[in-house]
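# Summary of the model geometry
One letter stands for each residue in the lines below.
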Amino acid sequence: MAFFAHQIRRGFSSSAVRNVVIKQVTIIGGGQMGAGIAQVAASTGHSVTLVDTSDDILKKSIKTIEGSLKRVVKKKFADKPEAGEEFIQKVLKNVSTSTDVGSAVQGSDLVLEAIVENLKIKQDLFSRLDKLAPAHTIFASNTSSLPISDISSATNRLDRFGGLHFFNPVPMMKLVEVIGTSTTSQETFDSLLNFSKVLGKTPVSCKDTPGFIVNRLFVPYLYEAIRLYERGHGSKEDIDIAMKLGVGYPMGPFELSDYIGLDTIKFIMDGWREMDPDNTLFAPSELMDKLVAEGKLGKKTGEGFYKYK
Ligand SMILES: CC(=O)CC(=O)SCCNC(=O)CCNC(=O)[C@H](O)C(C)(C)COP(=O)(O)OP(=O)(O)OC[C@H]1O[C@@H](n2cnc3c(N)ncnc32)[C@H](O)[C@@H]1OP(=O)(O)O
Ligand SMILES: NC(=O)C1=CN([C@@H]2O[C@H](COP(=O)(O)OP(=O)(O)OC[C@H]3O[C@@H](n4cnc5c(N)ncnc54)[C@H](O)[C@@H]3O)[C@@H](O)[C@H]2O)C=CC1
């Protein structure tokens, strides 16, 4: 009886496949997160295809991966620079790029999406991919805030769809949140959990609730720091120093907001406010709205709360 209940909870269906050992990975979106995940997957021996909308963006993604790998080997192969260079070349060989999602998903065991944080765009992508990818392929989203079940509803593979939420910078951050919806099969969930471990990360299991574990606690904190500054209760610099030295956070909330991207953070909060308008934790910030409207999105555009030039 317990086993049966368990099967229902995870939406075990006749179309469910066995535990998939993930070897070939397609990552859609070659921005900060997609490039980082591609790097870590390729470094752990996976064959990776990175997809974005133009070759220019993909060239930038590969440059980012190369730069990040150089930082990794500087530490890991400090006394053996030749072995370090060999490692970089081996990892880069595991990554190919494409602007054609149709061909990129052929033979793929896992399609992991890390494109813009917008439900409609993610749904459109997965709806197309559902028709193009092999039957056994697992789909996962790296969304920061959107319900996985809303994204997966655009497909016919509800049992083979879950969330894999990585943290920025991916090569450094050890956590992965693994999200199962009420229809994710146990096999799919286990495959995603195992994949995270093979990447050298520590997975935690999350319910499909807004912001999962980390962002539900973390994004309201970032917004409260901004509102505190707007109320004139502290300078950006002092708030950053206070949170670094007072509670040992490696970055202050303004530095970290710029690092993540103000568009991503604002999108998360706007979505939650729409769902729960009376929750004061989700109150907006005029300054955040203004900076995003001006295209000052943080480090990636050269300016956010601070300037980077
Ligand atoms: C929005 C969401 O949905 C979820 C999120 O991601 S929320 C954001 C979560 N992330 C955080 O909270 C990040 C907080 N910051 C940190 O942990 C640290 O500041 C950090 C890991 C980013 C950098 O570490 P640091 O010691 O403070 O600074 P830094 O001197 O730049 O880096 C030290 C070493 O780390 C490594 N490193 C840092 N970033 C790296 C990267 N992107 N790739 C590879 N190696 C990197 C390098 O070895 C680097 O040495 P070099 O500078 O000599 O190359
Ligand atoms: N920035 C962060 O700290 C974190 C972000 N995330 C989530 O990861 C996702 C990506 O975020 P970032 O990498 O920061 O964004 P980004 O803006 O750096 O990169 C997004 C990339 O997706 C590409 N793209 C957009 N639409 C596409 C499509 N239809 N097909 C192919 N490529 C497409 C863009 O060209 C861009 O290169 C978002 O869902 C975000 O919420 C998750 C964890 C942390």
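Residues numbered from 1 in each chain as written. Chains lettered and ligands numbered in written order. Predicted model: local features only at pLDDT ≥ 70, side-chain atom pairs only at ≥ 80, totals over all residues. Heavy atoms only, no water.

- Named according to an unreviewed UniProt entry, the chain is Hydroxyacyl-coenzyme A dehydrogenase, mitochondrial originating from Amphiprion ocellaris.
- Within the UniProt record for the chain, the comment given under Subcellular location (unreviewed entry) is "Mitochondrion matrix".
- Entered under Sequence similarities (unreviewed entry) in the UniProt record, the comment concerning the chain runs "Belongs to the 3-hydroxyacyl-CoA dehydrogenase family." (UniProt positions renumbered as here; feature names shortened; annotations may be inferred.)

### Some thoughts on the UniProt feature "binding site: NAD(+)" (unreviewed entry) in the chain
- According to UniProt, the feature "binding site: NAD(+)" (unreviewed entry) maps to Gly29, Gly30, Gly31, Gln32, Met33, Gly34, Asp52, Glu117, Lys122, Ser144, Asn168 and Lys300 in the numbering used here.
- Counting through the fold element by element, Gly31 comes out in the loop between strand S1 (24–28) and helix H2 (32–43).
- Gly31 gets classed as partly exposed once you look at its relative accessible area, which sits at 39%.
- Mapped onto the elements, Gln32 comes out in helix H2. (Helix = DSSP H or I, 4+ residues; strand = E, 2+ residues; numbered from the N terminus. Buried < 20%, exposed > 50% of the residue type's maximum accessible area, 1.4 Å probe, protein only.)

### Considering the site of ligand 1
- Taken together, 19 residues form the shell around ligand 1, and within it Ser68, Ser144, His165, Asn168 and Asn215 come nearest.
- In this structure, an oxygen atom belonging to ligand 1 sits 2.9 Å away from a side-chain N or O atom of Arg71.
- Measuring from a nitrogen atom of ligand 1, one finds a backbone N or O atom of Asn168 at 2.7 Å.
- Contact with the protein chains removes 72% of the 1,000 Å² of surface that ligand 1 exposes when unbound.
- Residues that form the shell around ligand 1 fall into these classes: 11 nonpolar, 5 polar and 3 charged. (Near = heavy atom within 4 Å. Polar contact = N/O pair within 3.5 Å; in protein donor to acceptor, adjacent residues only side chain to side chain. Areas by Shrake-Rupley, 256 points an atom, 1.4 Å probe, with all protein chains shown as cover. Nonpolar A, V, L, I, M, F, W, Y, C, P; charged D, E, K, R; others polar.)

### Focus on the confidence of the model for the chain
- Here the chain averages 93 in pLDDT, and 94% of its residues register 70 or above.
- Residue range residues 1–16 is modelled with pLDDT below 50. Its contacts to residues more than four positions away, or to other chains, number 24 contacts. (pLDDT = per-residue confidence, 0-100. Contact = heavy atoms within 4.5 Å.)

### So, the nonpolar core
- Counting residues in each nonpolar core, the largest one holds 38 residues, and the members touching the most others are Ile27, Leu110, Leu112, Leu164 and Phe166.
- Considering each element in turn, this core owes the most residues, 7 residues, to H2.
- In contact with Leu110, other than residues within four places in its own chain, are Ile22, Gln24, Val25, Thr26, Thr137, Ile138, Ala140, Leu164, Leu192 and Phe195.
- Formed by 18 residues, the second largest nonpolar core is a distinct cluster that contains Val101, Leu125, Leu146 and Phe161. (Core = buried A, V, L, I, M, F, W, Y, C linked by side-chain atoms within 4.5 Å.)

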